[in-house]
Amino acid sequence: MINKAKAIEEEIIRLRREIHQHPELGFQEFRTAQLVADTLQEIGGIDIQTEVGRTGVVGRIGTGDGPTIGIRADMDALPIHEQVDVPFKSQNDGVMHACGHDAHTAILLGVAHLLRQSFADEGEKWRGNVRFLFQPSEEQWGEDGISGATAMIQDNALENVDAVIALHTSSLSPSGQCSFWDGPTLAAADMFDAWIRGDGGHGAYPHQGIDPNFILSTVLSNLYAIPSRYISPLETNVVSVGAIHAGQAPNVIPKEVYVNGTIRSMDQSIRKKLWAEVERAFSLAESLGGSYEFKLRKGYPPTINDARVNGWMRQVAREVAGEGQVIDAPMGMAGEDFSIMSQKAPGAMFSLGCYTPGGGGHHTPLFDIDEKALHVGAAVLAETARRFVKGELG
Ligand SMILES: [Zn+2]
Ligand SMILES: [Zn+2]
């Protein structure tokens, strides 16, 4: 399969550049979805459904009956101004594919090529189906508070799917390296908004009122103590404050401080404990004479890889990418709405190293990837699906 993937490498790279040049934000992937649908049409033999989950596309190939494996790619870009100097630089000012979703989409189109070939060559041995899931808006929620994965599920894209697989590029890992991890691999990503309230007053006479800035100093030291002092250091968790807004003049104590931040965890019970602990830190405002308001914004659940499905891909990766290119490592504390799909069907996502010298990290204006890794990702996904539909996987 790696040779077949290598043979279409140029086509995958061409598609990736085409998508990279025309990035679109979540639920606005009209051009990208059109390109996906047109490409699937050209490949032929694939049943295509558009406007799934608003701007998503679903492709189906297979016997019609038997089990189905879903392969997911996200298509959306980020509100970042690209600073990478390449001929196929973003033409949509202020929008950039800075997370590699252009590569994910191009890889899945490559997978469609490869599986179409397989179906033509050995379709009589197929006992199931492959569903290509091109999902919108992984990075952001629509006005109704849902992201692309949920929108796709609401439109039945995962109905009768028995397993779902995906990959995510990693611009920090060696090119072509495939990282696998059974169980929690990406975090639950929750946010909070909080307000600490006092009286405000003259900076020279703070004892005459309640100073929310002073209260904040106690709240912050408590927030940062949650990992280790209130939650075991053996549990993976992070609390970070992103914004603090209060006051203007040097001699005026403000009435209120606004604080926001993010809470990350890998386990649902620790996640709930963290929500309570973060609120408890803000509730200290009351014992110091002030008041507080706390609003939790629940994000994606943790991404938990099914060991069986992950094992299929890991074995394939060892064969197609080579033993030396496969490692075991969790992906990190970022969040992914693939977690929602893998709650619907047993699922697994692996990380595909795409490091290139000079390239920045994910979500930065200098984000860049080594395109030579893309066909490796396509080979792993396609071969896993091929073995699945041929009934070769346990
Ligand atoms: Zn991202
Ligand atoms: Zn991403």
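I will try to describe carefully the structure that is included in this document. Being a predicted model, the structure only gives us computed values, none of them experimental. (Residues numbered from 1 in each chain as written. Chains lettered and ligands numbered in written order. Predicted model: local features only at pLDDT ≥ 70, side-chain atom pairs only at ≥ 80, totals over all residues. Heavy atoms only, no water.)

Looking now at the coordination of the zinc ion (ligand 2). Bound to the zinc ion (ligand 2) on the protein side are Cys99 (SG), His101 (NE2) and His168 (NE2), at distances that span 2.1 to 2.6 Å. Written as a sequence motif, the donor residues of the zinc ion (ligand 2) are C-x1-H-x66-H. Between the zinc ion (ligand 2) and the zinc ion (ligand 1), a spacing of 3.1 Å is present, and a bridge between the two is formed by Cys99. Each member of the pair, Cys99 as well as His101, carries the same accessibility label: buried. (Donors = N, O, S within 2.8 Å, 3.2 Å for Na, K, Ca; no water. Buried < 20%, exposed > 50% of the residue type's maximum accessible area, 1.4 Å probe, protein only.)

This structure, assessed with the given rule, holds 8 aromatic pairs. By way of ring pairs, the aromatic residues Phe192, Phe282 and Phe294 are connected into one cluster. The lysine or arginine in question, Arg54, covers the ring of Phe27, its NZ or CZ lying 4.2 Å from the ring centre. Lying over the aromatic face of Tyr230, Arg280 brings its terminal NZ or CZ to 4.0 Å of the ring centre. (Phe/Tyr/Trp six-rings, centres within 6.5 Å; stacked < 30°, edge-to-face > 60°. Lys NZ or Arg CZ within 6 Å of the ring centre and 35° of its normal.)

All right, on to the coordination of the zinc ion (ligand 1) then. Working reference: metal with six octahedral donors, ideal angles 90 or 180 degrees; metal with four tetrahedral donors, ideal angle 109.5 degrees. Only Cys99 (SG), Glu139 (OE) and His363 (NE2) from the protein coordinate the zinc ion (ligand 1), and they sit 2.1 to 2.2 Å from it. Sequence spacing of the donors to the zinc ion (ligand 1): C-x39-E-x223-H. The class for Cys99 is buried, based on a relative accessible area of 9%. The class for His363 is partly exposed, based on a relative accessible area of 40%.

Keep in mind that these numbers describe shape and distance, not what the molecule does.
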